[in-house]
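Here is how the chains run, residue by residue.
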Amino acid sequence: MSGGRTLDEAILGAYDIRGIVGETLTGADMAAIGRGFATIARRRSAADRPPLICVGRDGRLSSPDLEAHLVEGLTDAGADVLRIGVGPTPMLYFAVHERCSDGGMMVTGSHNPPAYNGVKMVLGGRPFFGPDIDELAQTAAAGSVPLGSTGKAVEADIAGAYVARLLAEAGEGSPAVAWDAGNGAAGAVLGAITDGLPGRHVLLNAAVDGTFPAHHPDPTVAENLAQLIDTVRAERCDLGIAFDGDGDRIGVVDGTGAILWGDQLVALLAREVLRERPGATVIGDVKASRVLFDEIARLGGTPLMWRTGHAPIKAKMAEIGAPLAGEMSGHIFFADRYYGFDDALYAALRLLRLIAGEGRSLAALRAELPCPVSTPEVRFPCPDERKFQVADEIGERLSAAGAPFTGIDGVRAESAAGWWLLRASNTQPMLVARCEAADDAALQRLKDDLASQLRTSGIDPPDF
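Presented here is an overview of the structure given in this document. (Residues numbered from 1 in each chain as written. Predicted model: local features only at pLDDT ≥ 70, side-chain atom pairs only at ≥ 80, totals over all residues. Heavy atoms only, no water.)

### A short note on the side chain of Arg271
Short version of the rule: Secondary structure counts use DSSP, requiring at least four H or I residues in a row for a helix and at least two E residues in a row for a strand, with both numbered from the N terminus. Definition of a polar contact: a pair of N or O atoms within 3.5 Å, with one able to donate and the other able to accept a hydrogen when the atoms are protein atoms, and with sequence-neighbouring residues admitted only if both atoms are side-chain atoms. We call two residues in contact when some of their heavy atoms are within 4.5 Å.
In this structure, Arg271 sits in helix α8 (residues 262–276). At a separation of 2.9 Å, a polar atom in the side chain of Arg271 contacts the side chain of Glu368. If sequence neighbours within four positions are ignored, Arg271 has contacts with Glu295, Leu299, Leu354, Glu358, Arg360, Leu365 and Glu368.

Have a look at this one:
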């Protein structure tokens, strides 16, 4: 039996593992995570063979060392490993499907600052999250890994097959596109993708660099899109596309430089999907605009609001057979002609295909959507032991008053004027709020209502 290792609770997120390298997350932790994951894979498998686990990594400076420790732990516990090297997280998901492996582990800090790193996981054809991560921590601490069953690790080149699969979605036309890889892992394959596309392509920050010298790799923050917007305008591009640090989240600007957020992208992408699959369910998260759900219904689809988070959305898609889903954060999931995971590169090609098929610019398509006014997503401090209670308290008061709300992930209060959302962050001691209305006056009333609810629960409201 090997010795156990207790993992820092701070790194155990709802959807993945993520910490500060050298402080809350070390090489020894990664080895323990690998041993624990392999042990669970063996425990859950009915196959009479070692589990096969694909392992990838992003371009962070700490990723090679952490990946090596992870592979050491996996093989120590009897798993065989396919090491696919540097690439975006969706390439790891693709490798799991392509190689029919039992699971996959991606060493990545996602869109977090350079000091962070972690692991995203899949096992048995579904996301590994929530109670799975609790089980992993318990297994790592127990150290109940049988010795004498060492697995083997081999390298596998999956990038060419991944790029070819993406290019199968290439549409007609000759767009001019600016692409910003943000020096993240998407840059490892972006050049090969654009080389296979028609049109003119301008690549920004395509060199993988874990220090992220150009800007922070989070395309949901407007300031991180400034370079892309300037390039789109200067180069007279039809649109610009950006990726986060590990290539599973997308950011888009049209030819005028206007930003399209995740819910707007899903509303547009649903057009092609619902033409081919009338009545199908399309999922949006609780932070998405009412415009998304109304547009899905207008297109003849069935809108479904669900919890925020890439893992619960993927699980819900698989449960109900939804062909498309998306989040405000830029995670977009296609099970229509694809595998049902969040792949920003694939979503980008589906967007180009849609634009070509519609025969109009992205700016023209965006202009067809209603344009309500809204606050940005506002995050403000609240202790971990209190954050879920606050949302529950507000939900109870709304229920007692007979006020309409959705409680699947925090509280989303609905009215004729619009809606406001309050939910607890799953990864930080924070509350998250957002409001949307038809006009500024209605928006202010919603903000005042939310602020009043927060004060009643003893929380100082944020400055929206």
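### Focus: the sheet that holds strand β10 (residues 239–243)
Operational definition: Two strands make a pair as long as DSSP finds a minimum of two bridges between them.
Within the open sheet, the 5 strands sit side by side as β9-β8-β10-β11-β12. Their pairing is mixed. Only two strands of the sheet have a single neighbouring strand rather than two, namely β9 (200–204) and β12 (259–260). Across 4 bridges, strand β8 (residues 176–180) lies against β10 in parallel orientation. Looking at the pairing, Val177 lines up with Leu239 of β10.

### With respect to the pattern of salt bridges
Stated formally: By definition, a salt bridge exists where a carboxyl oxygen of Asp or Glu is found within 4 Å of a side-chain nitrogen of Lys or Arg. Note on exposure labels: buried denotes an accessible area under 20% of the residue type's maximum, exposed denotes more than 50%, and partly exposed covers the range between, all computed with a 1.4 Å probe on protein chains only.
All told, the structure shown has 41 salt bridges when counted by the stated rule. For Arg277, the salt bridge is made with Asp336, and the minimal N-O distance between the two is 3.0 Å. With a gap of 59 residues between them, Arg277 in the loop between α8 and β13 (281–285) and Asp336 in the loop between β16 (332–334) and α11 (344–358) connect regions that are remote in the sequence. Taking relative accessible area as the criterion, Arg277 reaches 34% and is therefore assigned partly exposed.

### Comments concerning the packing of aromatic side chains
To be explicit about the condition: Centres within 6.5 Å make a pair out of two Phe, Tyr or Trp rings, where for Trp the six-membered ring is used; the pair is then stacked when the planes are under 30 degrees apart, edge-to-face when over 60, and tilted otherwise. When the NZ atom of lysine or the CZ atom of arginine is within 6 Å of a ring's centre and also within 35 degrees of its normal, the charge is said to sit over that ring.
Applying the stated criterion to the full structure yields 11 aromatic pairs. Ring centres of Phe37 and Phe128 lie 5.1 Å apart, and the angle between their planes is 65°; this geometry places the pair in the edge-to-face category. Of the two residues, Phe37 is situated in helix α1 (residues 27–44) and Phe128 in the loop between β6 (126–127) and α4 (131–142); the sequence distance between them amounts to 91 residues. By relative accessible area, which is 0% here, Phe37 ends up buried. Residue Phe128 is classed as buried on the basis of its relative accessible area, which comes to 1%. Among the aromatic side chains, those forming a connected cluster through ring pairs are Tyr93, Phe94, Tyr162, Phe334, Tyr338, Tyr339, Phe341 and Tyr346. Directly above the ring of Trp306 sits Lys316, whose terminal nitrogen or CZ lies 4.3 Å from the centroid. Lying over the aromatic face of Trp419, Arg412 brings its terminal NZ or CZ to 3.7 Å of the ring centre.

### Re the side chain of Asn183
Take Asn183: it is sitting in the loop between β8 and α6 (187–195). Overall, Asn183 belongs to the buried group, its relative accessible area being 6%. Beyond its immediate chain neighbours, meaning those up to four positions away, Asn183 contacts Asn205, Ala207, Val208, Asp209, Phe212, Pro213 and Ala214.

### So, the pairing of strand β11 (residues 250–254)
Counting buried positions along β11 yields 5 of 5 residues, so the element is predominantly enclosed. Judged from the 5 bridges that link them, β10 and β11 form a sheet pairing that is antiparallel. Note on β11: the bridge partner recorded for Leu239 is Asp254. Linkage of β10 to β11, two consecutive antiparallel strands, is achieved through a turn of 6 residues, within which Gly247 is found at a positive phi near 75°. Here β11 folds back onto β12, and the loop between the two strands holds 4 residues, one of which, Gly257, carries a positive phi near 95°.

### Section: unusual backbone geometry
In this model, Cys100 sits at a positive phi of 50°, which is unusual for a non-glycine residue. With phi around 60°, Asn183 is a residue other than glycine that occupies positive phi space.

### A few points about the sheet that holds strand β14 (residues 302–306)
The condition is simple: Angles shown run from 0 to 180 degrees and are taken between the N-to-C directions of axes, each axis being a line fitted to C-alpha atoms and, for helices, limited to the stretch in contact.
As summarised here, the arrangement of the 4 strands in space is β14-β13-β15-β16, forming an open sheet in which the pairing is mixed. Of all the strands in the sheet, the pair left with one neighbour each is β14 and β16. Strand-to-strand, the axes of this sheet are offset by a mean angle of 15°, without reference to chain direction. Where β13 meets β14, 5 bridges bridge the pair, whose relative direction is parallel. Its bridge partner being in β14, Gly284 is matched across the sheet by Met305. Along the sheet, α8 contacts β13, β15 (324–326) and β16; its crossing angle with β15, the most-contacted strand, is approximately 180°.

### Quick notes on α4
Note the threshold: Each helix should span, by expectation, one fewer than its residue count multiplied by 1.5 Å. By definition, the arc is the one covered by directions from the helix axis to the C-beta atoms.
Between its terminal C-alpha atoms α4 stretches 16 Å, which fits the 16 Å expected from 12 residues at 1.5 Å a residue. Within the span of α4, buried status applies to Asp132, Ile133, Leu136, Ala137, Thr139 and Ala140. Down the axis of α4, the sector holding all buried residues measures 165°, keeping them to one side. In α4, those exposed residues whose orientation departs by more than 90 degrees from the buried face are Pro131, Gln138 and Ala142. Next to the buried residues of α4 lie β1 (17–20), α1, β5 (116–123) and β6. At the exit of α4 stands Gly143, carrying a positive phi of roughly 65°.

### What to know about the packing of helix α5 (residues 159–167) against α6
Let me state the cut-off plainly: Should an angle fall under 35 degrees it is taken as roughly parallel, and over 145 as roughly antiparallel, whereas 65 to 115 is taken as roughly perpendicular and any remaining angle as oblique. Throughout, a crossing is termed right-handed when the near helix is turned clockwise from the far one, and left-handed when it is turned anticlockwise from it by less than a right angle.
The contact between α5 and α6 brings their axes to 10 Å, and the two run at 45°. In terms of orientation, α5 and α6 fall into the oblique class. With respect to the hand of their crossing, α5 and α6 are arranged in right-handed fashion. Across from Ala159, Tyr162, Val163, Leu166 and Leu167 in α5, the residues of α6 making contact are Val189, Ala192 and Ile193.

### Digging into the environment of Ala417
Within the element layout of this structure, Ala417 appears in the loop between β20 (411–415) and β21 (418–424). For the pair Ala417 and Ala363, spaced 54 residues apart in the sequence, the C-alpha separation amounts to 27 Å. Residues contacting Ala417, with those up to four places away along its chain left out, are Glu436, Ala437, Ala438, Ala442, Arg445 and Leu446.

### As for the environment of Val55
By secondary structure assignment, the location of Val55 is in strand β2 (residues 52–57). Sequence-distant contacts of Val55, that is, excluding residues within four places in its chain, are made with Glu67, Leu70, Val71, Leu74, Val81, Leu82, Arg83, Ile84, Gly85, Leu92 and Met105.

These results come straight from atomic positions and should not be treated as a statement about function.
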